[in-house]
Amino acid sequence: MTLEERVQRLEDLAAITQVIAAYGPAVDSGSSDLAAALFTPDGVYDVPPLRLEGTEALRAMVAGPHHQVLLDRGCAHLQGQPVITLQGDTAVAVNHSIVLLHDDQGFQVWRVAANRWTLSRTSDGWRVSLRTNRLLDGAEEARQLLRGNIDP
Amino acid sequence: MTLEERVQRLEDLAAITQVIAAYGPAVDSGSSDLAAALFTPDGVYDVPPLRLEGTEALRAMVAGPHHQVLLDRGCAHLQGQPVITLQGDTAVAVNHSIVLLHDDQGFQVWRVAANRWTLSRTSDGWRVSLRTNRLLDGAEEARQLLRGNIDP
Amino acid sequence: MTLEERVQRLEDLAAITQVIAAYGPAVDSGSSDLAAALFTPDGVYDVPPLRLEGTEALRAMVAGPHHQVLLDRGCAHLQGQPVITLQGDTAVAVNHSIVLLHDDQGFQVWRVAANRWTLSRTSDGWRVSLRTNRLLDGAEEARQLLRGNIDP
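Here goes a summary of the coordinates provided.

Analysis parameters
- The residue numbers shown here count from 1 along each chain, following its written sequence.
- Labels are handed out in written order, letters beginning with A for the chains and numbers beginning with 1 for the ligands.
- Note on the predicted model: pLDDT of at least 70 is required for a residue's local features to be given, and 80 or more for side-chain atom pairs to be given and counted; whole-chain, interface and lining totals, by contrast, use all residues.
- Side-chain descriptors were evaluated using all non-hydrogen atoms of the structure, hydrogens and water having been removed beforehand.
- Helix and strand assignments come from DSSP, with helices taken as H or I runs of at least 4 residues and strands as E runs of at least 2, each series counted from the N terminus.
- Note that the radius of gyration is over C-alpha atoms, with the globule rule given as 2.2 Å times the number of residues to the power 0.38.
- Three exposure classes are used, based on accessible area relative to the maximum for each residue type with a 1.4 Å probe and protein chains only: buried under 20%, partly exposed in between, and exposed over 50%.
- Contacts: residue pairs with any heavy atoms within 4.5 Å of one another.
- In short, Shrake-Rupley with a 1.4 Å probe defines the accessible areas, and a residue's cover is counted only from the protein chains shown.
- A residue counts as positive if it is Lys or Arg and as negative if it is Asp or Glu; His and the chain ends are not included.
- A charge is said to be at NZ when it belongs to Lys, at CZ for Arg, at CG for Asp and at CD for Glu.
- Think of it this way: DSSP has to see at least two bridges between two strands before they count as a pair.
- What sets the superposition is a least-squares fit of C-alpha atoms, and only residues with pLDDT of at least 70 in both copies go into it.
- Buried area: the sum, over both parts, of the accessible surface (1.4 Å probe) that disappears when the two are put together.
- By convention in these notes, a salt bridge is any Lys or Arg side-chain nitrogen within 4 Å of a carboxyl oxygen on Asp or Glu.
- Any pair of nitrogen or oxygen atoms within 3.5 Å is treated as a polar contact; in protein, a donor-acceptor pairing is required on top of that, and neighbouring residues in sequence qualify only through side-chain atoms on both sides.
- Centres within 6.5 Å are what make two rings of Phe, Tyr or Trp a pair, Trp counting through its six-membered ring; a difference in plane orientation under 30 degrees is then read as stacked, over 60 as edge-to-face, and the rest as tilted.
- When the NZ atom of lysine or the CZ atom of arginine is within 6 Å of a ring's centre and also within 35 degrees of its normal, the charge is said to sit over that ring.

## A closer look at the overall build of chain A
- From N to C terminus, chain A includes 5 helices and 7 strands.
- Going residue by residue from the N terminus, the α and β elements of chain A occur as α-α-β-β-α-α-β-β-β-β-β-α.
- The C-alpha radius of gyration computed for chain A amounts to 16 Å, which stays within 12% of the reference 15 Å derived for 152 residues, consistent with globular compactness.
- Projected onto its principal axes, the C-alpha positions of chain A cover 55 × 35 × 25 Å.
- Across the 152 residues in chain A, those meeting the buried criterion constitute 58%.
- A fraction of 51% describes how many contacts in chain A between residues 6 or more apart in sequence connect residues 24 or more apart.
- When the accessible surface of chain A is split by element, carbon and sulfur atoms take 51% of a total near 6,000 Å².
- One finds the centroid of the 13 positive side-chain charges in chain A at a distance of 5 Å from the centroid of its 19 negative side-chain charges.

The following block contains the structure:
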């Protein structure tokens, strides 16, 4: 690789890291436009029982009544460190995510999940074309999400 | 941007990431000097009901009796992944932070907060000039901290 | 430093970050070969009461009955952001780690620990030669792990 290609690769890793890092602050501040803009226009967030397809569905989820209840209680969507595999203009990232919720007794861990992100290089920078999220509750499917593409 | 400018930008992102990452290990090891040194000499940590202004106040907080009780119990200050916006010699980073505490029943989530960090490039490297921290307990103020400056 | 050296340093930081990030997805997916491959052939994971030495011991831990019980319940090994100190062909990283476990009542924080990683540059990339992990339960030893090598 040329030096320029090596710098480009580092920039890609940094940009992808930032896109994934931005998801939590976007949804926890109720910034529905920003959250949706992290995905490609036809990007999919597959989080059973939901499957949100496209900008409008993503925006509606963040702006919707279910998410507003979380915001009113106090919620924090944290991302674990992503393991990123670059493949030219696409990339796969694997990580954990957790959601913490506030209640009368303090803060509780509400969700712990495995994530696989497929990202695409677009004219606006790296965007998420597919995020698949499965609870790490012992189901084999969640474990499979974390498998592969994690060889550094 | 020239290649050198692109490398400088990546170095800035890496250095800012390291400064934020260092806060937890510094305070959880009781390293009051190191924790204070992450801030500029007149740096501010705004964490109600405290507002710590300057090196001595920051050092005194870590060395003080309240923090020592946390250390004796066992505490972990974890930082979520920061979303960083560089603006020349200053930067803004937004992230979540959580504090876990040990007790007779194991480990509990004690605090979950939103953070906005303002950082400055100094002759000693990037340092925190202001960290604002608010509990994510449903208060609008915490959500506002996470808003803006998160566009990747 | 030349520009090439500066890029190399950034690549080293990125590679080390990826190795540490890969540990959780590897063990939480039961990928025993991948988890062991993050370490040098004689790499050590010191996690009392265990001290795993070498590839086969690491692989056996992930493939073993104790870890399989965790996988069946649902577990998530998350890494806090590492503070990395490069020293040529070796590096030291310090961070927190937490393990969350699923049970009938949801997800609980099972372990919260301090970690010090010693890494080596090998012909296969950066690998872990020693990971020392201690519960942050108030013990001085855990605090000492987090001390030093955290000056950004």
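## So, the environment of Ala142 of chain A
All names here are of chain A.
- Along the chain, Ala142 turns up in helix H5 (residues 140–146).
- Taking relative accessible area as the criterion, Ala142 reaches 0% and is therefore assigned buried.
- In sequence terms Ala142 and Glu56 are 86 residues apart; their C-alpha atoms lie 27 Å from each other.
- With sequence-adjacent residues up to four places away left out, Ala142 is seen in contact with Ala114, Arg134, Leu135 and Leu136.

## Examining the pairing of strand E3 (residues 75–79) of chain B
Residue and element names in this part refer to chain B.
- Buried residues dominate E3, accounting for 5 of its 5 residues.
- Along E3, one buried face is formed by Cys75, His77 and Gln79 and the opposite face, lined by Ala76 and Leu78, is buried too.
- Pairing analysis gives 5 bridges linking E3 to strand E5 (residues 90–103), with the strands arranged antiparallel. The residue bridging Ala76 from the neighbouring strand is Leu100, located in E5.

## Notes on the side chain of Glu11 of chain A
- With respect to the element layout, Glu11 of chain A can be found in helix H1 (residues 3–28).
- For Glu11 of chain A, a relative accessible area of 13% puts it in the buried group.
- If we ignore the near neighbours within four places in the chain, the residues touching Glu11 of chain A are Arg6, Arg9 and Leu10 of chain B.

## Quick word on the relation of the copies chain A and chain B
- Least-squares fitting of chain A to chain B yields an RMSD of 0.0 Å, with the transformation described by 0.0 Å of translation along the axis and a rotation of 120°. A rotation of that kind, with that shift, is consistent with a three-fold axis. In terms of C-alpha distance to the rotation axis, chain A has Val7 of chain A as its closest residue, with the C-alpha 4.0 Å off the axis.

## Some points on the interface of chain C and chain A
- Between chain C and chain A, the contact holds 37 residues from the first and 28 residues from the second.
- When chain C packs against chain A, close to 2,600 Å² is buried across both sides, 67% of that on carbon and sulfur atoms.
- Three residues stand out in chain C for area buried against chain A, namely Gln18, Pro25 and Phe107 of chain C, and they jointly supply 25% of the buried area on that side.
- Counting across the interface, chain C meets chain A through 2 salt bridges.
- Across the pair Glu4 of chain C and Arg6 of chain A runs a salt bridge whose closest N-O atoms are separated by 2.9 Å.
- Listing elements by their share of the side of chain C that touches chain A, those giving two or more residues are helix H1 (3–28), helix H4 (65–73), strand E3 (75–79), strand E5 (90–103) and strand E6 (106–122) of chain C.

## Details of the side chain of Asn95 of chain C
All names here are of chain C.
- Within the fold, Asn95 resides in strand E5.
- A polar side-chain atom of Asn95 sits 3.0 Å from a polar atom in the side chain of Trp117.
- Leaving out residues up to four positions away in the same chain, Asn95 has contacts with Ile20, Gln79, Gly80, Gln81, Pro82, Ala113, Ala114, Asn115, Trp117 and Leu146.

## Quick word on the relation of the copies chain C and chain A
- Screw-axis analysis of chain C against chain A gives a translation of 0.0 Å along the axis, an RMSD of 0.0 Å, and a rotation angle of 120°.
- The fraction of interface residues of chain C whose copies in chain A are also interface residues is only 19%, indicating that the copies meet through different surfaces.

## Topic: the environment of Leu58 of chain C
Residue and element names in this part refer to chain C.
- For Leu58, the location among the structural elements is in helix H3 (residues 55–63).
- Residue classification places Leu58 among the buried positions, given a relative accessible area of 3%.
- Along the primary structure Leu58 and Ser32 are separated by 26 residues, whereas in three dimensions their C-alpha atoms are 7.6 Å apart.
- Among residues more than four places away in sequence, those in contact with Leu58 are Ala36, Phe39, Gly43, Tyr45 and Leu52.

## Here we look at the packing of aromatic side chains
- Going through the model one piece at a time under the given rule, you end up with 9 aromatic pairs over all chains.
- A centroid spacing of 6.5 Å and a plane angle of 75° characterise the contact between Tyr23 of chain B and Trp117 of chain B, whose relative ring orientation is edge-to-face. A residue pair is termed long-range when its members are at least 10 positions apart, and Tyr23 of chain B in helix H1 (residues 3–28) and Trp117 of chain B in strand E6 (residues 106–122) qualify at 94 residues.
- Put simply, the rings of Tyr23, Phe39, Tyr45 and Trp117 of chain A touch in pairs and so form one group of aromatic residues.
- Looking at Arg131 of chain B, its charged tip hangs above the ring of Tyr23 of chain B, at a distance of 4.6 Å from the centre.

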